[in-house]
Structure formats: C-alpha cells, structure tokens
Amino acid sequence: MPDFRVADTAAEHAKMRAAGPAALGVWAMGGAYCMNPAHLTDGWVPLHYVQSWPNGKRLASRLVQVGLWREEHRHGLPGYQFHDWLDKQRSAASIEDDKRKAKDRMTRIRSGSVRPNERRTSDRTSSEPTANVHDSLTLTHTLTPGEELGGGGHQGTARARERPSNRCPEHANTEQPPPCGACAEARRAGEAFDRDRTAETRTCQLCDADGRRWDPAGRHRGTVGPCDHRPLPEQRAVG
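Residues numbered from 1 in each chain as written. Predicted model: local features only at pLDDT ≥ 70, side-chain atom pairs only at ≥ 80, totals over all residues. Heavy atoms only, no water.

What follows concerns the sheet that holds strand 3 (residues 79-82). Taken together, the three strands give an open sheet; going across it, the order is 1-3-2, and neighbouring strands pair in antiparallel fashion. The two strands at the open ends of the sheet, each matched to only one other strand, are strand 1 (44-46) and strand 2 (69-71). Strand after strand, the sheet turns through a mean of 30° between neighbouring axes, direction not considered. Relative to strand 3, strand 1 runs antiparallel, the two sharing three bridges. Bridge pairing links Pro 46 to Gly 79 in strand 3. (Pairing = 2+ DSSP bridges. Helix = DSSP H or I, 4+ residues; strand = E, 2+ residues; numbered from the N terminus. Axes fitted to C-alpha atoms, helices over the stretch in contact; angles between N-to-C directions.)

Moving on, we come to the environment of Arg 90. Topologically, Arg 90 is positioned in the loop between helix 5 (85-88) and helix 6 (92-111). What makes Arg 90 partly exposed here is its relative accessible area of 24%. In this structure, the C-alpha to C-alpha distance between Arg 90 and Phe 4, residues 86 residues apart in sequence, is 8.6 Å. (Buried < 20%, exposed > 50% of the residue type's maximum accessible area, 1.4 Å probe, protein only.)

To continue, consider the pattern of salt bridges. Summed over all chains, the structure comprises nine salt bridges. A salt bridge links Lys 101 to Asp 97; the nearest nitrogen and oxygen atoms lie 3.2 Å apart. Here Lys 101 pairs with Asp 97, and both are found in helix 6, just four residues apart, close to one helical turn. Given the relative accessible area of 42%, Lys 101 is considered partly exposed. What makes Asp 97 partly exposed here is its relative accessible area of 27%. (Salt bridge = Lys/Arg side-chain N within 4 Å of Asp/Glu carboxyl O.)

All right, on to the environment of Gln 65 then. Mapped onto the elements, Gln 65 comes out in helix 4 (residues 56-66). Residue class for Gln 65 comes out exposed when judged on its relative accessible area of 60%. Along the primary structure Gln 65 and Lys 15 are separated by 50 residues, whereas in three dimensions their C-alpha atoms are 9.5 Å apart.

For the rest of this paragraph, the subject is the pairing of strand 3. Note on strand geometry: in a regular strand, side chains alternate between the two faces of the sheet. Side chains Gly 79 and Gln 81 project from strand 3 onto one buried face, and the interleaved Tyr 80 and Phe 82 project onto a second face that is buried too. Here strand 2 pairs with strand 3 via three bridges, running antiparallel. Each bridged residue has a counterpart across the sheet, and for Arg 70 the counterpart in strand 3 is Gln 81.

This part covers the nonpolar core. Residues Ala 19, Trp 27, Val 45, Leu 63, Leu 68, Trp 69 and Phe 82 are the most contacted members of the largest nonpolar core, which totals 27 residues. Counting only elements with at least two residues in this core, the list comes to helix 1 (14-19), helix 2 (21-35), helix 3 (47-50), helix 4, strand 3 and helix 6. Sorting elements by how many residues they give to this core places helix 2 first, with seven residues. Those residues in contact with Ala 19 that lie beyond four places of it in its chain are Leu 24, Arg 62, Leu 63, Val 66 and Leu 68. (Core = buried A, V, L, I, M, F, W, Y, C linked by side-chain atoms within 4.5 Å. Contact = heavy atoms within 4.5 Å.)

This brings us to the packing of aromatic side chains. According to the stated counting rule, one finds nine aromatic pairs in the structure shown. Measuring from centroid to centroid gives 5.3 Å for Trp 69 and Phe 82, while their planes differ by 65°, and the two rings are edge-to-face. Separated by 13 residues along the polypeptide, Trp 69 in strand 2 and Phe 82 in strand 3 bring together distant segments of the chain. Classification of Trp 69 as buried rests on a relative accessible area of 3%. Residue classification places Phe 82 among the buried residues on the basis of a relative accessible area of 4%. Measuring from ring centre to ring centre gives 5.1 Å for Phe 82 and Trp 85, while their planes differ by 65°; the resulting arrangement is edge-to-face. Here Phe 82 matches Trp 85 in class, with each residue buried. Grouped by ring-pair contacts, the aromatic residues Phe 4, Trp 27, Trp 69, Tyr 80, Phe 82 and Trp 85 constitute a single cluster. (Phe/Tyr/Trp six-rings, centres within 6.5 Å; stacked < 30°, edge-to-face > 60°.)

Put into structure tokens, the structure is as follows:
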C-alpha cells in the first residue's frame with residue numbers, strides 16, 4: 001500500500017514551523033488523500049476535501065502562504081497542489097506499475113511457472129520419490145513362525161515390539177536438533193507406541209500397570225522383570 005512520506009527533517013523545516021500544527025494537520029491529511037489508491041492524484045488535493053475539515057480553507061491558505069501548497073485547478077475543480085510532490089513522494093504511475101508487476105508475479109506463482117527462490121528447491125522438486133518419515137519407523141511387529149499371541153485372559157498382541165525413535169534418521173545422532181517436522185512426526189509415533197503399550201500391559205493378567213511381571217507364586221510384584229505378555233496356560237491372574 002502506498003504511503004505519504006514525511007522526512008525526518010520536517011520537525012526543523014522553516015516552512016513547517018511557519019505553518020503551525022493546525023495547518024500541518026490538514027497538510028498531512030491532504031497527503032494521505034493523495035496517496036489513497038482510490039485517488040492517486042500526484043499531490044493534488046481538491047477544495048471540497050479541504051473544506052471537510054474545520055477551518056480547512058483558512059488553514060490551506062496558510063499552507064499556500066508559507067509555500068507548502070499552491071492553488072491549482074484540475075478538471076475544472078479548484079484545489080491545491082503540494083510543492084515539489086514528485087521530489088519526495090512516489091508517482092501514481094510508479095505505484096500502478098508496481099501493482100501490475102505484483103499481480104503478474106502472483107499469477108505466475110499460482111500457475112506453477114515460478115518456484116520459491118530457495119537453495120533446496122531442486123532437491124524438493126526432484127522426480128525421485130522422497131522417503132516418508134514413517135518408512136524408517138518400526139510401528140508394528142510382524143509375527144514370525146513360532147511366535148505366539150497372548151493366550152488365557154490376555155487380548156492378543158504381538159510380542160516384543162520395538163519402540164520407534166523420537167527423532168528422524170537425519171537427526172538421530174544430533175544432540176540438539178533444529179526444529180524439524182520429521183522429528184515431530186517421529187516423536188508423536190513414539191508417544192502413540194507408549195499409549196498402545198500401556199493399554200496392552202493393563203489387559204495382561206500377569207503384569208501390573210507398569211508392565212512388570214508378578215512372580216510365579218503370585219506373592220511379590222515386579223520381581224521377575226518386564227512382562228513379555230506370553231502367559232502359560234497354568235499361570236493365572238492374581239487378585
């Protein structure tokens with residue numbers, strides 16, 4: 001959006017100080033009017049706009065008196081022209097040209113003919129498929145011949161699934177990895193694994209809520225080690 005520019009030397013400029021704050025208020029609002037995309041008048045302020053402010057015409061006369069504005073008609077309408085407008089402000093033609101270029105650029109981007117200017121763009125747009133983060137994670141365990149599902153009161157789950165890593169392969173050995181979407185996916189997969197594992201252990205009749213086996217005689221808790229969820233027929237739940 002175009003803006004009306006005020007130089008950092010304006011506070012000490014002789015014409016500004018001579019005009020006074022009230023007249024400079026009309027001057028500033030007039031500049032914003034000129035830069036409004038609906039107008040873009042190259043520094044011409046119509047009289048009807050000036051008169052929309054209290055004492056507007058009198059304050060505009062003050063601006064003319066100190067040399068900040070001059071009276072000028074345009075298309076038969078009375079108004080005021082900023083002094084040396086194009087020396088300090090952008091022209092309507094340049095603003096419209098920038099708008100046209102921006103519109104053309106967005107059209108090309110949306111059509112796919114322009115790609116973001118990033119160093120790794122060629123890598124990301126390669127025709128070769130990119131490995132998904134889930135390809136490197138062990139989320140399930142396939143039963144092999146001779147491997148059993150839990151029996152008795154245990155709801156069938158595979159034995160000894162491996163917990164997935166909390167990091168992606170690229171940052172597996174990085175002590176403090178940068179923000180990484182693949183690592184976030186891996187971490188969520190690990191958390192899901194933990195939740196599933198907790199649910200498994202709580203349905204097993206031979207271990208406690210922490211996944212620790214009861215001893216075979218049923219007298220002590222957690223003395224055998226982590227439960228492998230393969231209860232034998234003669235083993236029973238201990239209340």
